[in-house]
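Descriptive analysis of the structure
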Amino acid sequence: MSTTEQDAAAVRLPPPFVFVAVLSLGYVLHRWVWAIPIPLEAGTLRLATLLTAVSGGGALAAAMGLFQRSHQDPAPWKPTPEVLTSGVYRFTRNPMYVGMAVIQMAVAFHRGNGWMLLLVPMSLILVYLTAVRHEEAYLEAKFGDSYLRYKSAVRRWL
């Protein structure tokens, strides 16, 4: 790869936008099409909200901290000088996307919105299609066998 522009994954849509769009779809479906409440008591919903928000935020913060310490830009359309394999990246190759999905669950619990919860797999599929597959192709081409070994040892999601 001869230029910085070419030395990056072909990701054009910021993944957080996918999660926001799907959360919005869940809101619209719940409000104007067919409400699907989450059948839990208020206290249980509050606990679920807290646990998922802390878990998702923790995954995001841990991943962002590793990016900062390695002086890398987390934007998937920027060059990757090295593959991060420590910390939270020992458990998932995509901790930021997993964290965003878990935060989507937290919002669903907070709102009592079953659509938002049911649409979490849709968010992950769309993020796979718009970002992850491009990132994986880029990392395979750039890092070859070392990335393939990491990829075979650590799951994409969990």
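Structure shown above.
Residues numbered from 1 in each chain as written. Predicted model: local features only at pLDDT ≥ 70, side-chain atom pairs only at ≥ 80, totals over all residues. Heavy atoms only, no water.

**Concerning the pattern of salt bridges**
The line we're drawing: What counts as a salt bridge is simple: a side-chain nitrogen of Lys or Arg found within 4 Å of a carboxyl oxygen of Asp or Glu. Only DSSP runs of H or I covering at least 4 residues are called helices, and only runs of E covering at least 2 are called strands; the numbering of each starts at the N terminus. Throughout this description, buried means an accessible area under 20% of the type-specific maximum (1.4 Å probe, protein chains only), exposed means over 50%, and partly exposed covers the range between.
In total, this model carries five salt bridges according to the counting rule given. A salt bridge links Glu136 to Lys151; its shortest N-O distance comes to 3.8 Å. Here Lys151 lies in helix H6 (residues 145-153) and Glu136 lies in helix H5 (residues 120-143), a separation of 15 residues in the sequence. Note on Glu136: relative accessible area 6%, which makes it buried. Between Glu140 and Lys151 there is a salt bridge whose closest N-O contact spans 2.4 Å. Linking Glu140 in helix H5 with Lys151 in helix H6, this pair joins segments that are eleven residues apart in sequence. Given the relative accessible area of 29%, Glu140 is considered partly exposed. For Lys151, a relative accessible area of 24% corresponds to the partly exposed category. A network of salt bridges, in which partner residues are shared, links Arg93, Glu136, Glu140, Lys151 and Arg156.

**Quick word on helix H3 (residues 95-111)**
Note the cut-off: One fewer than the residue count of a helix, multiplied by 1.5 Å, yields its expected span. Whether two residues are in contact is decided by their heavy atoms: any pair within 4.5 Å suffices.
Over its 17 residues, H3 runs 24 Å from end to end, which matches the ideal 24 Å to within 8%, given 1.5 Å per residue. Most of H3 is tucked away, with twelve of its 17 residues classed as buried. Burial in H3 covers these residues: Pro95, Met96, Tyr97, Val98, Gly99, Met100, Ala101, Val102, Gln104, Ala106, Ala108 and Phe109. Where H3 is buried, its residues contact helix H1 (15-33), helix H2 (42-69), helix H4 (114-118) and H5. Two residues or fewer past H3, Gly112 is found with a positive phi of approximately 65°.

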